[in-house]
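# Reading the structure
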Amino acid sequence: MSGIVEKALAFAKECHGGDNSGHDFMHIQRVLANAERILAETPEADAEAVRLAAVLHDVDDYKISAKGGRAEYFLQAAGVETVLAGKVLNIIGAISFSKSGSHPHFEMIEQAVVSDADKLDAMGAIGVCRTVMYSAATQRPLFLAAEFPAENLTADEYKNKARAGNHAINHFFDKLLKLKGAMQTKAGQREAEKRHQFMVLFLQEFFDEIQASSWRAYLDDFLKRN
Ligand code: ADP
Ligand code: NI
């Protein structure tokens, strides 16, 4: 790993240090590891730009930073050359779900790699854990049987709903079960398929255990439609 990526990791560790809402530094380490796996099958991508963007992609997320500008500050302070710094900021700006939606169109392969790497970390067993952590950290209930998901949210509605109260299980329908369709690389799609199946299994078991049969039917129908 290059010296500048090491420095970025140290910077991100400070930025994410105090978080316990699913945006802790381990999220960054996992996204970097996911990016490496995708890079191994995507030799045409600029690996340095991908790594820096993976490491810095959440330092300005509104959930952990009120003021923003930290990625840009780091790149300047670390003396990263202008073209590479611009590329890294471009990737970070392009990838968020609230901006790019469930069917992103990226102009650069590097955006696709980092987007897939980040989205994979919201799926599977890790995705289940992060959703529970986030919900606990924001005082949301685990499950409200009377509150079915509001479907077809616009990006703005999604953001407002995400900030206001909602139960953890709805987040699977609002976002997590749609991530498979947002994958842009071959390696990302393959891994997403596996993690998607695990989330489906988790939800089936969850609804079966509490005998929430209308939710079980809703899930089956949702999967047919999405
Ligand atoms: P990422 O950093 O992976 O792009 P987000 O910033 O959207 O993802 O959210 C981080 C994690 O917090 C997600 O993996 C998800 O599990 C959880 N999360 C985000 N929004 C909600 C929500 N409204 N309800 C429950 N969990 C959420
Ligand atoms: Ni992230």
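The structure we're discussing is the one just above.
Notes on the structure in this doc start here.

About the thresholds
- Residues numbered from 1 in each chain as written.
- Chains lettered and ligands numbered in written order.
- Predicted model: local features only at pLDDT ≥ 70, side-chain atom pairs only at ≥ 80, totals over all residues.
- Heavy atoms only, no water.
- Phe/Tyr/Trp six-rings, centres within 6.5 Å; stacked < 30°, edge-to-face > 60°.
- Helix = DSSP H or I, 4+ residues; strand = E, 2+ residues; numbered from the N terminus.
- Buried < 20%, exposed > 50% of the residue type's maximum accessible area, 1.4 Å probe, protein only.
- Salt bridge = Lys/Arg side-chain N within 4 Å of Asp/Glu carboxyl O.
- Donors = N, O, S within 2.8 Å, 3.2 Å for Na, K, Ca; no water.

## Things to note about the packing of aromatic side chains
This structure, assessed with the given rule, holds 16 aromatic pairs. With 5.5 Å between their ring centres and 65° between their planes, Phe 148 and Tyr 218 make a pair best called edge-to-face. Of this pair, Phe 148 sits in the loop between α8 (124-137) and α9 (155-163) while Tyr 218 sits in helix α12 (residues 213-225), and the two are 70 residues apart along the sequence. Phe 148 sits in the partly exposed class, given a relative accessible area of 36%. Seen in terms of ring centroids, Phe 173 and Tyr 218 are 5.2 Å apart; in terms of plane orientation they differ by 65°. Their pairing is edge-to-face. With a gap of 45 residues between them, Phe 173 in helix α10 (residues 168-174) and Tyr 218 in helix α12 connect regions that are remote in the sequence. Here Phe 173 matches Tyr 218 in class, with each residue buried. One aromatic cluster is present, built from ring pairs that chain together Phe 143, Phe 148, Phe 172, Phe 173, Phe 202, Phe 206, Phe 207, Trp 215, Tyr 218 and Phe 222.

## Quick word on the pattern of salt bridges
In the structure shown here, the tally under the stated rule is 14 salt bridges. In this structure, the salt-bridge partner of Arg 190 is Glu 41, at a minimum N-O distance of 2.5 Å. In this pair, Arg 190 is assigned in helix α11 (residues 186-209) and Glu 41 in the loop between α2 (25-39) and α3 (47-56), connecting sequence segments 149 residues apart. You can call Glu 41 partly exposed: its relative accessible area is 45%. Lys 180 is paired through a salt bridge with Glu 193; the nearest N and O atoms lie 3.7 Å apart. Of this pair, Lys 180 sits in the loop between α10 and α11 while Glu 193 sits in helix α11, and the two are 13 residues apart along the sequence. A relative accessible area of 35% means that Glu 193 is categorised as partly exposed. Counted as one network, the salt bridges with shared partners bring together Arg 37, Glu 191, Lys 194 and Arg 195.

## Let's talk about the coordination of the nickel ion (ligand 2)
For the nickel ion (ligand 2), the full set of protein donor atoms is His 27 (NE2), His 57 (NE2), Asp 58 (OD) and Asp 118 (OD), at a range of 2.1 to 2.3 Å. Considered as a linear motif, the donors of the nickel ion (ligand 2) on their single chain read H-x29-H-D-x59-D. According to the relative accessible area criterion, His 57 is buried, its value standing at 7%. Judged by relative accessible area, which is 5%, Asp 58 ranks as buried.

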